[in-house]
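Okay, here's what each chain looks like letter by letter:
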Amino acid sequence: IRRDDGAVLLALRPRHVNQGGKWEFPGGKLEPRERARAGLARELDEELGIALEAATPLITVRHDYPDRRIELLVFEVRAWRGEPHGREGQAVEWVAAEDLARREFPAANLPILAALRLPRVLMITPDVGADEGAFLTRLERCLKAGVELVQLRITAEGARRARIARRAIELAQSHAARLVLNGAPEEALALGAHGVHLNRARLLACAERPLPRELLVSAACHDAAALEHAARLEVDCALVSPVAPTGSHPGAPVLGWRALRGLTRAARSPVYALGGLRAADVGRALRAGCQGVALLSGLWNAAEPGEVVARATREVAAAALSAG
């Protein structure tokens, strides 16, 4: 449950119950044969005294505790009627998004924290090419249009690579966005990036999470084995591809939406759908269990990047109307 200022509502679990004394996101158990959205509406009324108006799928979490296995169907609620309060005597509190990590949660809630830090659209840049100025101008235009998370790809090496990366990071920071570097974790850390993206080779070479929690770690995944390894590293998100045919790899095999849904159901971190997608596919990606979509040419090459971001926002709203 998120207010317009970004604050998220938490509830404190009673100390006498399982995972007692820890904070959680309000909700509860589905009744037999109860649909997810109906159960969400019932639980929010029973626990908080609010009437649900719209909810958008956020993430599905599967977690094994020593004594039980659970599945959490998580929705983001931005529209409701009434003032939330603890109808069952539980403490409730609005917490700023940047302060959530300071609270203690049950282990199954940790992927939800990762999802809350991420936007619905991630933009991947093409390679820089010969004209650095044109590249940075285009990047700034996309940031001004509302892009919040960027994966920077550079094949250049040495001083030129570092110069471009630092300038791109500065641009992202000036627009309150974050930039992850497609490269080595130690390089991303040295350049001051907001995180790192691991290609398949770097992902499989890692034995543990390569960066501190305050920085983002994303990973390229094409199958269930890669997603399982990413889960062991506790990455913040996985980019699963290719979902649809792409211009860069014509004729190459693709996953399709059904296979993507199967992979997201097995994932233990937020998933971005990647490959041949547009802003119009955001809603479909959400209904497939994804955090959203990763866009390259569909956003970078757009005549008006702002229109692409606006379309993605409308798709999220439409998914909220049909949530459940």
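Above this note sits the structure.
Residues numbered from 1 in each chain as written. Predicted model: local features only at pLDDT ≥ 70, side-chain atom pairs only at ≥ 80, totals over all residues. Heavy atoms only, no water.

### Brief notes about the nonpolar core
In terms of nonpolar packing, the biggest core is built from 67 residues, with Leu139 and Cys221 touching the most fellow members. Per-element tally for this core: the top contributor is helix α4 (residues 158-174), with seven residues. If near-sequence neighbours (up to four positions away) are discounted, Leu139 is found in contact with Met123, Val150, Ala168, Leu171 and Trp300. Judged by nonpolar contacts, the second largest core, of 15 residues, contains Leu58, Leu100, Leu113 and Ala115. (Core = buried A, V, L, I, M, F, W, Y, C linked by side-chain atoms within 4.5 Å. Buried < 20%, exposed > 50% of the residue type's maximum accessible area, 1.4 Å probe, protein only. Helix = DSSP H or I, 4+ residues; strand = E, 2+ residues; numbered from the N terminus. Contact = heavy atoms within 4.5 Å.)

### Here's the deal with the packing of aromatic side chains
Counted by the stated rule, this structure contains three aromatic pairs. On the basis of an interplanar angle of 15° and a centroid distance of 5.3 Å, the ring pair of Phe25 and Phe105 is categorised as stacked. Of this pair, Phe25 sits in the loop between β2 (23-24) and α1 (36-48) while Phe105 sits in the loop between β5 (92-95) and α2 (110-116), placing them 80 residues apart in sequence. Relative accessible area serves as the criterion here: at 18%, Phe25 is assigned to the buried category. By relative accessible area, which is 7% here, Phe105 ends up buried. Centre to centre, the rings of Trp80 and Trp94 are 6.0 Å apart; their planes meet at 20°, and the pair counts as stacked. Here the residue Trp80 occupies a position in strand β4 (residues 68-81), and Trp94 occupies one in strand β5, the gap between them amounting to 14 residues. Here the guanidinium or amino end of Arg103 rests over the ring plane of Trp23, the centre of that ring lying 5.0 Å away. (Phe/Tyr/Trp six-rings, centres within 6.5 Å; stacked < 30°, edge-to-face > 60°. Lys NZ or Arg CZ within 6 Å of the ring centre and 35° of its normal.)

### Re the environment of Leu260
Tracing the backbone shows Leu260 in helix α8 (residues 256-266). Sequence-wise, Leu260 and Asp223 are 37 residues apart; in three dimensions their C-alpha atoms are separated by 9.4 Å. If we ignore the near neighbours within four places in the chain, the residues touching Leu260 are Val240, Val243, Ala273, Ala288 and Cys290.

### What to know about unusual backbone geometry
In this structure, the amide linkage connecting Ser241 to the following residue, Pro242, adopts the cis form with an omega of -10°. Mapped onto the fold, Pro242 is located in the loop between β11 (237-240) and α8. Even without glycine at this site, Arg33 takes up a positive phi of about 65°. In this fold, Arg33 is placed in the loop between β2 and α1.

### Remarks on the packing of helix α3 (residues 132-144) against α4
Between α3 and α4, the least distance of the axes is 10 Å, while the angle of their chain directions is 20°. In terms of their interaxial angle, α3 and α4 are classed as roughly parallel. In this structure, α3 crosses over α4, and the sense of that crossing is right-handed. For the pair formed by α3 and α4, the contact residues are Glu132, Leu136, Leu139, Glu140 and Leu143 on the first element and Arg160, Arg163, Ile164, Arg167, Ala168, Leu171 and Ala172 on the second. (Axes fitted to C-alpha atoms, helices over the stretch in contact; angles between N-to-C directions. Parallel < 35°, antiparallel > 145°, perpendicular 65-115°, else oblique. Left-handed = near helix turned anticlockwise from the far one by under 90°.)

### Quick word on the environment of Arg141
Looking at where Arg141 falls in the secondary structure, it is placed in helix α3. On the basis of relative accessible area, Arg141 is assigned to the partly exposed category, the value being 36%. Between the C-alpha atoms of Arg141 and Gly192, which are 51 residues apart in sequence, the distance is 22 Å. Leaving out residues up to four positions away in the same chain, Arg141 has contacts with Ala303, Glu304 and Pro305. In terms of polar contacts, Arg141 uses its side chain to reach the backbone carbonyl oxygen of Ala303, at 2.7 Å. (Polar contact = N/O pair within 3.5 Å; in protein donor to acceptor, adjacent residues only side chain to side chain.)

### Examining the sheet that holds strand β12 (residues 271-274)
Spatially, eight strands are ordered β6-β7-β8-β9-β10-β11-β12-β13 in a closed barrel, and the strand pairing comes out parallel. When strand polarity is set aside, the average angle formed by the axes of neighbouring strands in this sheet is 25°. The pairing of strand β8 (residues 178-182) with strand β9 (residues 195-198) spans three bridges and is parallel. Counted as the bridge partner of Val180 is Gly195 from β9. (Pairing = 2+ DSSP bridges.)

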